Amino acid sequence: MRASTADSPNARLNADQAELEKFGALAARWWDPNSEFKPLHAINPLRLEWISTLAGGLSGKRILDVGCGGGILSESMAAAGADVTGIDLAEKSLKVARLHGLESGIKVDYRAVPVETLAEEQPLSYDVVACMEMLEHVPNPASVVQACARLVKPGGHVFFSTLNRNPKSFLFAIIGAEYVLRLLPRGTHSYENFIKPSELSSAAREAGLEPQSMRGMTYNPITQIYALSNDTSVNYLMACRK
């Protein structure tokens, strides 16, 4: 997996300023189900059910949502009865998340803090840590994996989702999704930042996590329906346990 370089201006922060600005520019549309975030709204029930099933339910659990953005997954986990903290470095997205929480009445503790810093502050504090659609947007994804492992309690669950790196994922996730079907804005993803399952599994084990389950996610452009599957060649989700 990629690692940040010592001379990078964002190496210590482990953030790409261009990525933060990109999502910040779209922040006002996070909760519009017909906006650029339509795919996230569509896949959220799938992600929520997958996490809940493997974690043995969410009610009463303390959960951290890493890279929470506008809070789509955070709110749904809180609505399921979890005590949720959402962290992100895109301040505009967090502002939208907080405002939507006031409107919905669903309580989530949103913080602008790097996951590595939170791992130093609150090690072994969470029953569940979720890091969805975020690893492919940071300079050093292995550092995020390590921080997630530090934050989860022994016996707890860590969930990741990201994009595989191969010719098919380039064709489907970039050419197909961004240029042909226009499901996502052009430039949403950079192919060189995609992560192979073997790379993520290796980083997880090095961090003290044991991968336990992996599912793919597919999209049918005719029915416009997303579904979990055994095909991990493009999008995939990985469940780990400490």
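Predicted model only: the values in this text are computed from it and were never measured.

Details of the pattern of salt bridges
At step 1: The tally for this structure, following the rule as stated, stands at seven salt bridges.
At step 2: For Arg111, the salt bridge is made with Glu121, and the minimal N-O distance between the two is 3.3 Å. Of the two residues, Arg111 sits in strand S3 (residues 109–111) while Glu121 sits in helix H5 (residues 115–121), which places them ten residues apart along the sequence.
At step 3: Residue Arg111 is classed as partly exposed on the basis of its relative accessible area of 25%.
At step 4: Between Arg205 and Glu210 there is a salt bridge, with the nearest N and O atoms lying 3.5 Å from each other.

Topic: a nonpolar patch on the surface
At step 1: Judged by side-chain polarity, Phe170, Leu171, Phe172, Ile175, Tyr179, Val180 and Leu181 come together as a nonpolar surface patch covering roughly 640 Å² of accessible area.
At step 2: Tracing the backbone shows Val180 in helix H7 (residues 167–180).

Overview of unusual backbone geometry
At step 1: Of note in the backbone geometry, Glu133 takes a positive phi value of approximately 50° without being a glycine.
At step 2: Secondary-structure assignment places Glu133 in the loop between strand S4 (126–132) and helix H6 (141–151).
At step 3: Even without a glycine there, the phi angle at Gln224 is positive, about 60°.
At step 4: Looking at where Gln224 falls in the secondary structure, it is placed in the loop between strand S6 (210–220) and strand S7 (225–229).

Focus: the environment of Lys242
At step 1: Mapped onto the fold, Lys242 is located in the segment after strand S8 (235–241).
At step 2: Residue classification places Lys242 among the partly exposed residues on the basis of a relative accessible area of 33%.
At step 3: Separated by 33 residues in sequence, Lys242 and Leu209 place their C-alpha atoms 4.7 Å apart.
At step 4: Every residue in contact with Lys242, bar those within four places of it in the chain, is listed here: Leu124, Ala149, Arg150, Val152, Lys153, Pro154, Gly155, Gly156, Gly208 and Leu209.
At step 5: Within polar-contact distance, the side chain of Lys242 engages the backbone oxygen of Ala149 at 2.7 Å.
At step 6: Among the polar contacts made by the side chain of Lys242, one reaches the main-chain carbonyl oxygen of Val152 at a distance of 3.3 Å.

Here's the deal with the packing of helix H2 (residues 38–55) against helix H3 (residues 72–79)
At step 1: Relative to each other, H2 and H3 sit at 45°, their axes nearing to 10 Å. With respect to H3, the element H2 is oriented oblique. The handedness of the crossing between H2 and H3 is right-handed. Contacts from Leu40, His41, Asn44, Arg47, Leu48 and Ile51 of H2 reach H3 at Ile72, Leu73, Ser76 and Met77.
At step 2: In the contact of H2 with H3, the residues fall into six nonpolar, three polar and one charged.

Regarding the packing of aromatic side chains
At step 1: Summed over all chains, the structure comprises five aromatic pairs.
At step 2: With 5.2 Å between their ring centres and 70° between their planes, Trp50 and Phe159 make a pair best called edge-to-face. Residue Trp50 is located in helix H2, and its partner Phe159 is located in strand S5 (residues 152–163); the two are separated by 109 residues in the primary sequence.
At step 3: When its relative accessible area of 7% is taken as the criterion, Trp50 is described as buried.
At step 4: Under the relative-accessibility criterion, Phe159 is labelled buried at 0%.
At step 5: Connected via pairs of aromatic rings, a cluster forms that spans Phe170, Tyr191 and Phe194.
At step 6: When the ring centre of Tyr126 is taken as origin, the NZ or CZ atom of Arg62, which lies over that ring, is 4.5 Å away.
At step 7: Stacked on the ring of Phe172, the Lys or Arg Lys168 has its end atom at 5.4 Å from the ring centre.

A short note on H6
At step 1: When you tally the buried positions in H6, you get nine out of eleven residues, the bulk of the element.
At step 2: Where H6 is concerned, the buried positions are Pro141, Ala142, Ser143, Val144, Val145, Ala147, Cys148, Ala149 and Leu151.
At step 3: On its buried side, H6 packs onto strand S1 (62–66), H5, S4, S5 and helix H8 (197–206).

Regarding the nonpolar core
At step 1: By size, the foremost hydrophobic cluster in this structure holds 32 residues, and its most contacted members are Ile51, Leu58, Met132 and Phe159.
At step 2: Among the secondary structure elements, those contributing two or more residues to this core are H2, H3, helix H4 (91–104), S4 and S8.
At step 3: Top contributing element to this core by residue count: H2, with six residues.
At step 4: Not counting chain neighbours up to four residues away, the residues in contact with Leu58 comprise Leu48, Ile51, Ser52, Ile63, Met77, Ala80, Gly81 and Ala82.
At step 5: Counting 30 residues, the second-largest nonpolar core is a separate cluster that includes Val113, Leu118, Val144 and Met238.

Reading the values: rules and limits
Residues numbered from 1 in each chain as written. Predicted model: local features only at pLDDT ≥ 70, side-chain atom pairs only at ≥ 80, totals over all residues. Heavy atoms only, no water. Salt bridge = Lys/Arg side-chain N within 4 Å of Asp/Glu carboxyl O. Helix = DSSP H or I, 4+ residues; strand = E, 2+ residues; numbered from the N terminus. Buried < 20%, exposed > 50% of the residue type's maximum accessible area, 1.4 Å probe, protein only. Patch = residues over 30% accessible without salt bridge, like charges linked within 9 Å, V, L, I, M, F, W, Y side chains within 5 Å. Areas by Shrake-Rupley, 256 points an atom, 1.4 Å probe, with all protein chains shown as cover. Contact = heavy atoms within 4.5 Å. Polar contact = N/O pair within 3.5 Å; in protein donor to acceptor, adjacent residues only side chain to side chain. Axes fitted to C-alpha atoms, helices over the stretch in contact; angles between N-to-C directions. Parallel < 35°, antiparallel > 145°, perpendicular 65-115°, else oblique. Left-handed = near helix turned anticlockwise from the far one by under 90°. Nonpolar A, V, L, I, M, F, W, Y, C, P; charged D, E, K, R; others polar. Phe/Tyr/Trp six-rings, centres within 6.5 Å; stacked < 30°, edge-to-face > 60°. Lys NZ or Arg CZ within 6 Å of the ring centre and 35° of its normal. Core = buried A, V, L, I, M, F, W, Y, C linked by side-chain atoms within 4.5 Å.

Purely spatial values, then, with no claim about function.
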